[in-house]
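# Structural characterization, general
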Amino acid sequence: MQVTETEIIISLAFPLSLADPLKQGLRFLGLGSVLLFVVNITLLLASRGTAPIWVDVLLGGSILLGLLVVAGLVQFRQNSPGLAAPIVRISHEGIFFAQCFGVACPILITWSDISALVPFTLTTRMGRPVGLAIVPHDQEMLLDQLLKHRSNDVLARLVFHINASVYKRTTMPTPLTLPQGLLTISVDELILMIQERFASELREHSVAISEWQTFGPRATSSVSGR
């Protein structure tokens, strides 16, 4: 993270210590999915259409694994060191995000468009991550802007839609967040830093600083049929 008189720049790149293991792991998974696919095709051809059901299941699994590996490589390429590392830039204009929903999706949300800065805890099955949410006045307009600025890459669009659908199933008030795991300081310290450097913008546009809030999965309502 870089801090100047006029900007706070937060890098969202993978740590260098994790880059090589992640890349190597994805390569091994990709090789495994290809080998599994070849074995299943060979079994199907050898059985002449009479292969047991588990062969079809393995074939479908190898295809799905291959797609997931490719999507992971796309996301790694966008986040890996040495390449165009996504960043968040907080300035007197507003907050610029180079990435959203796991893909390149540059968007600037000005201070006048921000309703509140909300430190949060997200309750999930995998744990309770914390971070800072940038809540806009109009969430639907923000989502429309994100759709317009998303990548034209087919796999990147797939990753975008998958992550967007997961987000819509939570009570999170915004997809624009700064997870604690990507910060070199605590969320509370980041809020204090924003208050010190951009006090006039917060005051002019009535941007609220919320207390800590907890979000989680959105409750599903069951409709009983006759």
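Scoring rules and cut-offs
Numbers given to residues run from 1 along each chain, matching the order in which its sequence is written. The predicted nature of this model means local features are confined to residues of pLDDT at least 70 and side-chain atom pairs, given and counted, to a pLDDT of 80 or more, with totals for whole chains, interfaces and linings taken over all residues. In computing side-chain properties, one takes all heavy atoms of the structure into account and sets aside hydrogens as well as water. Without a salt bridge and with relative accessible area above 30%, a residue can belong to a patch; like charges are then joined within 9 Å and nonpolar side chains (Val, Leu, Ile, Met, Phe, Trp, Tyr) within 5 Å. Residue exposure ignores everything except the shown protein chains as possible cover, and the areas themselves are Shrake-Rupley values with a 1.4 Å probe. Think of a salt bridge as a Lys or Arg side-chain nitrogen and an Asp or Glu carboxyl oxygen that are within 4 Å of each other. Within this scheme the basic residues Lys and Arg register as positive and the acidic residues Asp and Glu register as negative, but His and the chain ends are omitted. Charged groups are reduced to one reference atom each: NZ for lysine, CZ for arginine, CG for aspartic acid, CD for glutamic acid. Counting from the N terminus, the helices are DSSP H or I runs at least four residues long and the strands are E runs at least two residues long. The pairing criterion for strands is at least two bridges between them, as found by DSSP. Here, two residues are considered to be in contact whenever any of their heavy atoms come within 4.5 Å of each other. What counts as an axis is a line fitted to C-alpha atoms, over the stretch in contact for a helix, and the angles between N-to-C directions run from 0 to 180 degrees. The buried label goes to any residue with under 20% of its type's maximum accessible area, the exposed label to any with over 50%, and the partly exposed label to all in between, with areas taken from a 1.4 Å probe on protein chains only.

## Things to note about a negative patch on the surface
A contiguous patch of negative charge on the surface is contributed by D113, D138, E140 and D144. Topologically, E140 is positioned in helix α3 (residues 139–149).

## Considering the sheet that holds strand β4 (residues 94–100)
The strand order β1-β2-β3-β4-β5 describes an open sheet built from five strands, whose pairing is antiparallel. With one partner strand each, in any of the chains shown, β1 (2–3) and β5 (103–110) form the two edges of the open sheet. Contacting β1, β2 (8–11) and β3 (87–90), helix α5 (residues 187–197) crosses the sheet at an angle of about 150 degrees to β2.

## Examining the pattern of salt bridges
Scanning all chains against the criterion turns up two salt bridges. Note that E7 and R89 form a salt bridge whose closest N and O atoms lie 3.2 Å from each other. With a gap of 82 residues between them, E7 in the loop between β1 and β2 and R89 in strand β3 connect regions that are remote in the sequence. Judged by its relative accessible area of 21%, E7 is partly exposed.

## What about the pairing of β3?
Side chains of β3 alternate between two faces, with V88 and I90 buried and I87 and R89 left unburied. Both β2 and β3 contribute to a ladder of four bridges, which runs antiparallel. Counted as the bridge partner of I10 is V88 from β3. With three bridges connecting them, β3 and β4 associate as antiparallel partners. The residue bridging I90 from the neighbouring strand is I95, located in β4.

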